[in-house]
Amino acid sequence: MIDILLLDQNNTKALAVVHSCCFEVGWDEKTFDGLFQGFGTFGWGAYQEGQLLGFMLARIVFDEAEILTFCVLPKMRQQGIGAILVQTLQEHAKNVGVKSIFLEVSVNNETALQLYQRLGFSEIATRPNYYRSLINSKTDAKVLRFIC
Ligand SMILES: CC(C)(COP(=O)(O)OP(=O)(O)OC[C@H]1O[C@@H](n2cnc3c(N)ncnc32)[C@H](O)[C@@H]1OP(=O)(O)O)[C@@H](O)C(=O)NCCC(=O)NCCS
């Protein structure tokens, strides 16, 4: 069974571990600490028997939310955990009066693009050369929006 639990500053160590398993450039504990200290940051973790499997961090400012980061451990993907995390944000956003949720995603990230599109996000813009990889190649990002 998967439990979806609210995250806070006490979870930063586990967030850094999971994030580094999911992205080429992982964020460290300090980065997550800084995010929780900033205005409007919140998020949820997907847990199984106390183990963090994935999480979603977002920021709400007035009536807009932005997904800051979102990932699921490679071995736990394709089971619907990602969708549950996005839907948790969508429900929360509606309940607190958010009108739109925004995010950036690499044009090459087909899995994430499909997932977001399936959950009602639409493309509204492209940011050229938004991501820079470790080997310094650049990739465009799509900006997606979900209207709550
Ligand atoms: C993007 C990401 C979070 C998705 O997580 P996930 O848990 O695999 O997401 P889901 O399982 O909900 O959905 C993924 C696919 O699995 C499919 N799926 C869901 N449940 C399934 C099941 N029980 N059996 C088989 N397939 C299933 C879904 O149909 C979905 O495919 P679709 O979007 O083409 O329809 C994950 O791939 C990841 O961490 N990627 C690296 C980090 C990243 O790119 N983050 C997003 C940055 S914007």
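Every value quoted in this text rests on a predicted model; they were computed, and no experiment measured them.

Asker: Mind showing me how you'd approach the environment of Gln79 here?
Answerer: By the element assignment, Gln79 lies in the loop between β4 (64-72) and α3 (81-95). You can call Gln79 partly exposed: it has 13 C-beta atoms within 10 Å. Distance in space between the C-alpha atoms of Gln79 and Leu89 is 18 Å, their sequence separation being ten residues.

Asker: Sorry, what's going on with the sheet that holds strand β6 (residues 122-132) here?
Answerer: Strand order in the open sheet formed by seven strands is β1-β2-β3-β4-β5-β7-β6, and the pairing between neighbours is mixed. At either end of the open sheet lies a strand with only one pairing partner, and these are β1 (3-6) and β6. When strand polarity is set aside, the average angle formed by the axes of neighbouring strands in this sheet is 25°. The pairing of β1 with strand β2 (residues 41-48) spans four bridges and is classified as antiparallel. In the sheet register, Ile4 faces β2, and the bridge partner there is Ala46. Against the sheet, helix α1 (residues 12-22) engages β3 (51-61) and β4, with an angle of about 100° to β3.

Asker: In this structure, what is going on with the pairing of β6? I would like to understand it.
Answerer: Every regular strand shows the same layout, with side chains that alternate between the two sheet faces. Counting buried residues in β6 gives zero out of eleven residues, a small share hidden from the surface. Across seven bridges, β6 lies against strand β7 (residues 138-147) in antiparallel orientation. Of the residues in β7, the one forming a bridge with Ala125 is Val143.

Asker: When you look at the pairing of β2 in this model, what are you seeing that I'm missing?
Answerer: Where β2 lies against β3, eight bridges are found, and the strand directions are antiparallel. When the bridges of β3 are listed, Gly43 appears paired with Leu57. Here β2 hands over to β3 after two residues, with Glu49 in that stretch at a positive phi of 45°.

Asker: So what exactly am I meant to see when it comes to the nonpolar core here?
Answerer: Across soluble globular proteins, nonpolar side chains show a tendency to be buried alongside one another. If you look at the biggest cluster of nonpolar residues, it comprises 28 residues, and the most contacted ones within it are Phe55, Met56, Leu85, Leu89 and Ile101. Where this core is concerned, the elements lending two or more residues are α1, β2, β3, β4, α3, β5 (100-106) and β7. Residues contacting Phe55, with those up to four places away along its chain left out, are Leu7, Leu15, Val18, Gly43, Trp44, Gly45, Ala46, Cys71 and Leu85.

Asker: What is the right way to read the site of the ligand from this model?
Answerer: In the region of the ligand, 20 residues are neighbours, and Cys71, Arg77, Gly80, Gly82 and Ala83 sit closest. Residue assignment for the shell around the ligand shows that the elements contributing at least two residues are β4, α3, β5 and α4 (110-118). No other element matches α4, which puts five residues into the shell around the ligand. A class-by-class count of the residues in the shell around the ligand yields eleven nonpolar, seven polar and two charged.

Thresholds applied
Residues numbered from 1 in each chain as written. Predicted model: local features only at pLDDT ≥ 70, side-chain atom pairs only at ≥ 80, totals over all residues. Helix = DSSP H or I, 4+ residues; strand = E, 2+ residues; numbered from the N terminus. Buried ≥ 20, exposed ≤ 12 C-beta atoms within 10 Å, placed from the backbone. Pairing = 2+ DSSP bridges. Axes fitted to C-alpha atoms, helices over the stretch in contact; angles between N-to-C directions. Contact = placed C-beta atoms within 7 Å. Core = buried A, V, L, I, M, F, W, Y, C linked by C-beta atoms within 7 Å. Near = placed C-beta within 6 Å. Nonpolar A, V, L, I, M, F, W, Y, C, P; charged D, E, K, R; others polar.

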